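The residues making up each chain are set out below.
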Protein chains: 2
Amino acid sequence: MTPLTETPITTADKTFISLRKDIVEGSIAAGSKLNEAELSTKYAVSRAVIREAINKLENTNLLERKANVGAKVVTLSQSGLIQLYQVRESLEGMAARLAAANMTNNEIDQVNTLLQQHSGSVKESQRYYQEAGDVDFHYRIVLGSHNQHLISMLMNNIYHLVRMYRVQLGMAGPRVTTAFAEHQHIVQAISNRDQELAEILMRRHIAYSRNNIEQKLQDTPL
Amino acid sequence: MTPLTETPITTADKTFISLRKDIVEGSIAAGSKLNEAELSTKYAVSRAVIREAINKLENTNLLERKANVGAKVVTLSQSGLIQLYQVRESLEGMAARLAAANMTNNEIDQVNTLLQQHSGSVKESQRYYQEAGDVDFHYRIVLGSHNQHLISMLMNNIYHLVRMYRVQLGMAGPRVTTAFAEHQHIVQAISNRDQELAEILMRRHIAYSRNNIEQKLQDTPL
DNA sequence: ATAAGTATTATTGTCGACAATATTCACAAA
DNA sequence: TTTGTGAATATTGTCGACAATAATACTTAT
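Rules and cut-offs
Sequence order as written defines the numbering, with residues in each chain counted from 1. Written order decides the labels, with chains lettered from A and ligands numbered from 1. Confidence filtering applies because this is a predicted model: local features only for residues at pLDDT of at least 70, side-chain atom pairs given and counted only at 80 or more, and all residues used for totals across whole chains, interfaces and linings. The side-chain values count all of the structure's non-hydrogen atoms but skip hydrogen atoms and water molecules. Only heavy atoms are used to decide nearness, and a residue is near a molecule or strand if one of them lies within 4 Å of it. What qualifies as a polar contact is a pair of N or O atoms within 3.5 Å, subject to a donor-acceptor requirement within protein and to the restriction that residues adjacent in sequence count only when both atoms come from side chains. Only Asp, Glu, Lys and Arg are considered charged, only Ala, Val, Leu, Ile, Met, Phe, Trp, Tyr, Cys and Pro nonpolar, and every remaining residue, Gly among them, polar. Where helices and strands are cited, they refer to DSSP runs of H or I of at least four residues and of E of at least two residues respectively, numbered from the N terminus. Between any two strands, at least two bridges found by DSSP are needed for them to pair.

- An unreviewed UniProt entry annotates chain A as GntR family transcriptional regulator originating from Glaciecola petra.

Here it is in structure tokens:
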């Protein structure tokens, strides 16, 4: 299940999504320079389209542009990861708080159903949950905040870069089961409409998650 | 004193800044549609430049684009303002926390000096502080977080829209002196390296500020 | 051999024209 | 009058070419 259905209309949009995918998954290497002419032939579109896609990518924090020089894919670093997760903790904490205030009963039921479904697959294969399940859960909470700025910032500016770290550093990890329990507690707080607790639990959850990734990063440094 | 010196290089950058100014200050009306050809003649640049500027403006939350239809300046609304301040509270709270952890002693000294300077002008004319002083203070804290994502999000995605609300709803307000005291307390907490308190105080400060603006909004509804 | 300055090449920025899509207007039918 | 259909118009999306800037290679002098 894809949580948010992006429907690219223009070729610039499609190119943007292709480029983003290639960067996140590393087929365009971190730190490498983007040559507009090259990309133009590679994706079989005009340079104007490439430029528009690059402009859009700039917002996603996946690359940096310098005037008259060009665009470079970001480099992954420990400090970059920490900074990213600090922002995540801040924004998703607020999202959980707002979700406790603003989610409809119907939305809360759906999240509960989602967790029940996951509970099964957690026991069997831990793999599934970590990939799609975790993302799904966080999406629901963020959308449940009903705050357009919050949603846009996390979806567009944060999550793709988070995924880039996950993919390129090969995060899978044994944190699956404890993370699942944490998710349950967060939903519990939201069900109780306890804004304060929902925020605290979500912030802790993300802080734990960061520690986990950081530890992996010690083993396989950049 | 301008806190962050933007140095536009290309004509697209310059046009972007001009357009942003005109939108924030309302000479291009909120809710109005942007016609690329019109703007092209108005700013005396090609349509390509206008399009690049519009693309950049999309990130600032000052306008919305729809494929094959065009870009519209955002409309100001009470719920929009509340949502904006919720995000601000979240991000600037974290910024204050990180500032308490990461600011150099030198940076802290500079903020203290800044507040002392303001303390004089607060007694005389309240006007100055509310405009430049408040902005200056918040910039220092945000920059003091030493978190690039946080800085970028607030500077690029949030503050211009905040200013648009302020300008177009004519916020000046008698909150000057109490806000000044709040600023002092925040700096005190940062000086003490008390992350927890710095975050709490900043969040309260912004919540108060939001209430203040909301109240004004009751008097002059949109 | 090295350094500085200049010429050459490569790459990004800007432009005007054309294509594709959406909007508006006119007309006809109910 | 209102509604639906089609043509005409306006607007955005895409393209290739040229201009401006940066990166590279070459030459020359010390």
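1. Considering the protein's contact with DNA strand C
Right, so step 1: Taken together, 20 residues lie near DNA strand C, and Lys33, Arg47 and Arg51 of chain A together with Thr11 and Ser46 of chain B sit nearest.
Right, so step 2: Taken together, the sugar and phosphate atoms account for 77% of what DNA strand C places within 4 Å of the protein.
Right, so step 3: Between DNA strand C and arginine 65 of chain A there is a distance of 3.3 Å, counted from a phosphate oxygen to a side-chain nitrogen or oxygen.
Right, so step 4: Residue classes in the surface near DNA strand C are distributed as 8 nonpolar, 7 polar and 5 charged.

2. Re the protein's contact with DNA strand D
Right, so step 1: By nearness alone, 19 residues border DNA strand D, and Thr11 and Ser46 of chain A together with Lys33, Arg47 and Arg51 of chain B come closest of all.
Right, so step 2: When the atoms of DNA strand D within 4 Å of the protein are sorted by group, sugar and phosphate make up 76%.
Right, so step 3: Glutamate 36 of chain B is positioned such that a nitrogen or oxygen atom in its backbone is 3.3 Å from a phosphate oxygen of DNA strand D.
Right, so step 4: The side chain of arginine 65 of chain B places a nitrogen or oxygen atom 3.3 Å from a phosphate oxygen of DNA strand D.
Right, so step 5: Among the secondary structure elements, those contributing two or more residues to the surface near DNA strand D are helix H1 (11–24) and helix H3 (47–59) of chain A together with strand E1 (33–34) and helix H3 (47–59) of chain B.
Right, so step 6: A breakdown of the residues in the surface near DNA strand D according to their chemical character gives 7 nonpolar, 7 polar and 5 charged.

3. Remarks on the sheet that holds strand E3 (residues 70–73) of chain B
The strands making up a sheet are joined through hydrogen bonds of the backbone, oriented either antiparallel or parallel.
Residues and elements named next belong to chain B.
Right, so step 1: The sheet built from 3 strands is open, its strands ordered E1-E3-E2 with antiparallel pairing. Strands with a single pairing partner mark the edges of an open sheet, and in this sheet they are E1 and strand E2 (63–66).
Right, so step 2: Across 2 bridges, E1 lies against E3 in antiparallel orientation. Across the sheet, residue lysine 33 finds its bridge partner in E3, namely lysine 72.

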